[in-house]
Amino acid sequence: MSRSKEAFKQAKEVIPGGVNSPARAFAAVDSDPLFIEKGTGALIYDIEGNEYIDYVGSWGPMILGYNHPQVIESLQQQLMKGTSFGAPTEVETELAKLVIGAVDSIDQVRMVNSGTEATMSALRLARGYTGKDKIIKLKGCYHGHGDSLLVEAGSGVTTLGISGSPGVPDEIAEETIVAPYNNLEAIEEIYNTYQGQIAAVILEPVTGNMGVIRPQVGYLEGLREITATNNSLLIFDEVMTGFRLAYGGAQELYEIEPDITTLGKIIGGGLPVGAYGGKKEIMEYVAPAGPVYQAGTLSGNPLAMAAGIETLKLLQQPGVYSMLEEKAAKLEKGFKDNIKQLEVAADVSRVGSMFSIFFTDKQVIDYKTAKESDTDAFTTYFKQMLAAGIYLPPSQFESNFVSLAHVEADLDATIEANYNALAKVKKKQEG
Ligand SMILES: *Cc1c(COP(=O)(O)O)cnc(C)c1O
């Protein structure tokens, strides 16, 4: 038995399913997970010492690559001062200022400990601010595991093939109305049916959790207009896209200002952080400035702030986002050439350094079209890539992440492995 298999067996005795977050279990690709020992740059090593070129990046945060020396140094300095005080520290203000400087729609920001906490808190704030109860979420978008948002969710939930979850009361789920992504008429219809009752629309402006899908031209503009007209709020969940697609997130790229933005992943530089922010008028509803209660013993944790601050500072360097774009564009072109040459029914969907390969010949615009992908083909592809030393997110319905640490040789090796893996898919499909 391999060491990872043995480690998984032991973990399963003491942790539900052997993992602390379901997607890690590799169930969607009919495999056992690798247990990871360490990472450096774009590479990770399993506990047997095997090396992989990694495109998971801890599901998004590791945009600089693993163990960036400046982030480590910053963490070491904070570590010597103390790990948590439950009292205000200046590093919290420093990270808040960096976030506000980056994202135009944010005047004030509250730090929390995860993306889930950020979206849960953002919904409470939207409801408290508007005095309305219903939320519109989009099918296939994932916003963490809060009750109101675990309704027809994407990511792990999609992958496991369950809708919602036992333990989420129907009364709560009923306050969430689900619409397809990239469909403005559906949103208008909901506003007509539930006039004066919708607190907010929440979405991933570019989706990652059902695979990468871009907003169609005019879609985000339409959402901005409909929500404003109806006195409800537009919430961009940029936990994945924030500081990833541009320094100012998807809202910078598409030039749309939401009312509330949720952040996470990159702003913690690999430590547990989430945040939600928006215009001062809205954020001053949050306690202790206002009546909407939200708190956290470890919120604004100095170690996490230190990693976040250093990460954001490094992302301010000129040319960072064009470098990410170049690297990801190279992979896209290489993969697309391979797909064409081998005549596989697949396509690459990419925005900046986020991309997915959908194994379908249809155009993917929403959850329904994403789900038409051939997941058996993906499983074959995934296993071949892993055997070739390329570590991918273990599901068709996830995003790959390119980091600044991926070098030309990594990209070339990945494109070559992609060719061989696609050839295997093709062979299997032809039976
Ligand atoms: C990852 C993610 C979350 C959840 O964040 P956690 O830190 O895992 O709780 C929420 N929304 C989006 C868009 C995400 O990608």
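Further up the page is the structure itself.
Residues numbered from 1 in each chain as written. Predicted model: local features only at pLDDT ≥ 70, side-chain atom pairs only at ≥ 80, totals over all residues. Heavy atoms only, no water.

A.B. asks: Would you mind showing me how to read the environment of G115 here?
C.D. replies: With respect to the helices and strands, the residue G115 is situated in helix α4 (residues 115-130). As a C-alpha pair, G115 and V239 span 124 residues in sequence and 6.0 Å in three-dimensional space. Contacts of G115, omitting those with residues within four sequence positions, involve V239, L263, V273 and G274. (Helix = DSSP H or I, 4+ residues; strand = E, 2+ residues; numbered from the N terminus. Contact = heavy atoms within 4.5 Å.)

A.B. asks: It is not clear to me how the pairing of strand β7 (residues 198-203) should be interpreted in this structure. Could you clarify?
C.D. replies: Along β7, six of the six residues are buried, which leaves the element largely enclosed by surrounding structure. When strand β5 (residues 134-138) meets β7, the two strands line up parallel, connected through four bridges. Note that in β7 the partner of K134 across the bridge is I198. Two strands pair when backbone bridges link them, and β7 and strand β8 (residues 233-237) are joined in this way by four bridges, in the parallel orientation. (Buried < 20%, exposed > 50% of the residue type's maximum accessible area, 1.4 Å probe, protein only. Pairing = 2+ DSSP bridges.)

A.B. asks: Teacher, can you tell me more about the pattern of salt bridges here?
C.D. replies: Charged atoms that come close allow side chains of opposite charge to pair. Here the structure, examined in full by the defined rule, presents 14 salt bridges. We note a salt bridge from K134 to E175, for which the minimum N-O separation is 3.5 Å. Of this pair, K134 sits in strand β5 while E175 sits in the loop between α6 (170-173) and β6 (176-179), placing them 41 residues apart in sequence. Among the residues examined, E175 registers a relative accessible area of 25% and is labelled partly exposed. E332 is the salt-bridge partner of R350, the closest N and O atoms lying 2.6 Å from each other. (Salt bridge = Lys/Arg side-chain N within 4 Å of Asp/Glu carboxyl O.)

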